[in-house]
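Below, each chain spelled out in residue letters.
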Amino acid sequence: MTLLQFTLLTLVASLAAGFLGALTGLGGGVVLTPLLTLVFGVDIHYAIGASLVAIIATSSGAASGFVSQGFTNIRVGMLLEVPTTLGALGGAFLASYLGAGWLATVFGVVLILAMLASNRPVRPVAPGPPDPLSIRLKLPSTYPTPAGPEPYQVARVPLGAGVMMGAGVLSGLLGIGAGAFKVLAMDQIMRLPFKVSTTTSNFMIGVTAAASAGVYLSRGYIEPAVVMAVLLGALPGSLLGARVLVRAANRRLRLVFSVVIVLVGVQMIIKGVTGGG
Amino acid sequence: MGSAPATLEERIGRLLRAMVAAAVAVVALGAVLYLIRHGAETVSFSTFAPGPLELRDPIRIVAAAFTLDPPAVIQFGILILLLTPVARVILCAVTYARSRDLAFAGLTAAVLAVLLFSLFWRG
């Protein structure tokens, strides 16, 4: 097809992908790459490059203002960025050693895991002792509630940091935000309040993605003709999706989407195993 | 205090959104130029091969972008976008340094080092 046709089709598809990613909270990255590789036949390297760029845009440009105000724990975020960005760097280098087939297979598996991770029933985490290290680093804080600021503690910093490094590796390897795993680490392991975990994760995603973006750029994964359409579609799409998210009754949508994600994940695994890419 | 004061988050947010807007504008400009010149050409992205160096090296990208070479303009916009989280980290580092929180200023500087390494190391 012509560049114009490709651009228009990809732009519209990326708009939908960005919208769905924001609406379901899974992020645009996990939707974009399968869309580009399975539907548009784009090589997975170009797909993860475009997806990573889109993620940086959506996480930096999102109207994070009023929702996250007072919830984001920047200290925790910055501290965890040290292992996370190192992981992302490692993941990006690893990506250039795995072939397209392996990337697709790993992507499919991680996609399904991310869906499971983000669909866990929100059960309250058993209270436990705060990590003395977190006190020394002044990590505990408060979050706003209608009744006033509610204090919280921070637990198991080293374990949380370790899991975050893993999330970083996934982010750099697959060009995704890995938000589902970051939230998991902060919510379940470090016992941060859920809204603090989600907002802090959103804060971190762009920085983590930037750590691998430089490697992607120098390897040539960031192809201008592909990225231009993806970026110009996914960013408005995700801004729209974030707006709708506030109002939509999205439980049934999430169920439908979860099924679709599993199917897509299986497709990616098949594609990878059968040597496509 | 664990959470940053609201004003820090506000300032970071405003700067980031401005940079993203600038990046998107440049990419859009490059996209229009690209389509005008090459829109009717057949393209295929099904096989991966690294592109020319001017589109993969930051310094070369900036140089090529000023000649209004469309893919270079697009990459230049992407570079601005990639610098957005860098700006966020720098702002955080400065804020921690100013409030004499040297441990966290150092941590943030370490993150900055990783980001810059990713962008500029050639191997």
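What you are looking at is a predicted structure, and each value in this text was computed from that prediction instead of being measured.

1. Comments concerning the interface of chain A and chain B
Point 1. Every contact between the two is made by 68 residues of chain A and, on the other side, 59 residues of chain B.
Point 2. Summed over both partners, the interface of chain A with chain B buries about 5,200 Å², with 71% contributed by carbon and sulfur atoms.
Point 3. Here chain A and chain B share one salt bridge between them.
Point 4. When the shortest N-O distance is used, the salt bridge between Arg75 of chain A and Asp101 of chain B registers 2.5 Å.
Point 5. Where chain A meets chain B, there are 13 residue pairs in polar contact (both at pLDDT 80 or more).
Point 6. Listing elements by their share of the side of chain A that touches chain B, those giving two or more residues are α1 (3-24), α3 (44-61), α4 (65-68), α5 (74-95), β1 (141-145), α10 (194-219) and α11 (224-247) of chain A.
Point 7. When residues in the side of chain A that touches chain B are grouped by element, the largest group, twelve residues, is from α10 of chain A.
Point 8. Class assignment of the residues belonging to the side of chain A that touches chain B gives a composition of 40 nonpolar, 22 polar and six charged.

2. A word on the confidence of the model for chain B
Residues and elements named next belong to chain B.
Point 1. Across chain B, the average pLDDT comes to 89, with 92% of residues at 70 or higher.
Point 2. When pLDDT is averaged over each helix and strand of chain B, the minimum, 87, is found for helix α1 (residues 6-38) and the maximum, 94, for helix α4 (residues 102-120).
Point 3. Two numbers describe this predicted complex: its pTM, 0.89, and its ipTM, 0.89.

3. Observations concerning the packing of α10 of chain A against helix α3 (residues 70-98) of chain B
Point 1. Here α10 of chain A crosses α3 of chain B at 135°, and the two axes come no closer than 10 Å. Taken together, the axes of α10 of chain A and α3 of chain B lie oblique to each other. Considering only the axes of α10 of chain A and α3 of chain B, their crossing is left-handed. Here Phe203, Gly206, Val207, Ala210, Ala213 and Leu217 of chain A of α10 of chain A come into contact with α3 of chain B, specifically with Gln75, Leu79, Leu82, Pro85, Arg88, Val89 and Cys92 of chain B.
Point 2. The class makeup of the residues in the contact of α10 of chain A with α3 of chain B is ten nonpolar, two polar and one charged.

4. Here's the deal with unusual backbone geometry
Most peptide bonds take the trans configuration, and most residues that are not glycine carry a negative phi.
Residues and elements named next belong to chain A.
Point 1. In the Ramachandran plot, Arg156 falls in the positive-phi region, its phi being about 45° despite a non-glycine side chain.
Point 2. Mapped onto the secondary structure, Arg156 falls in the loop between β2 (148-152) and α8 (157-174).
Point 3. Owing to a relative accessible area of 35%, Arg156 belongs among the partly exposed residues under this scheme.
Point 4. Phi at Ala178 is positive, roughly 55°, even though this residue is not glycine.
Point 5. The residue Ala178 is located in the loop between α8 and α9 (179-189) in this model.

About the thresholds
- Residues numbered from 1 in each chain as written.
- Chains lettered and ligands numbered in written order.
- Predicted model: local features only at pLDDT ≥ 70, side-chain atom pairs only at ≥ 80, totals over all residues.
- Heavy atoms only, no water.
- Contact = heavy atoms within 4.5 Å.
- Buried area = accessible area lost by both parts, 1.4 Å probe.
- Salt bridge = Lys/Arg side-chain N within 4 Å of Asp/Glu carboxyl O.
- Polar contact = N/O pair within 3.5 Å; in protein donor to acceptor, adjacent residues only side chain to side chain.
- Helix = DSSP H or I, 4+ residues; strand = E, 2+ residues; numbered from the N terminus.
- Nonpolar A, V, L, I, M, F, W, Y, C, P; charged D, E, K, R; others polar.
- pLDDT = per-residue confidence, 0-100.
- Axes fitted to C-alpha atoms, helices over the stretch in contact; angles between N-to-C directions.
- Parallel < 35°, antiparallel > 145°, perpendicular 65-115°, else oblique.
- Left-handed = near helix turned anticlockwise from the far one by under 90°.
- Buried < 20%, exposed > 50% of the residue type's maximum accessible area, 1.4 Å probe, protein only.

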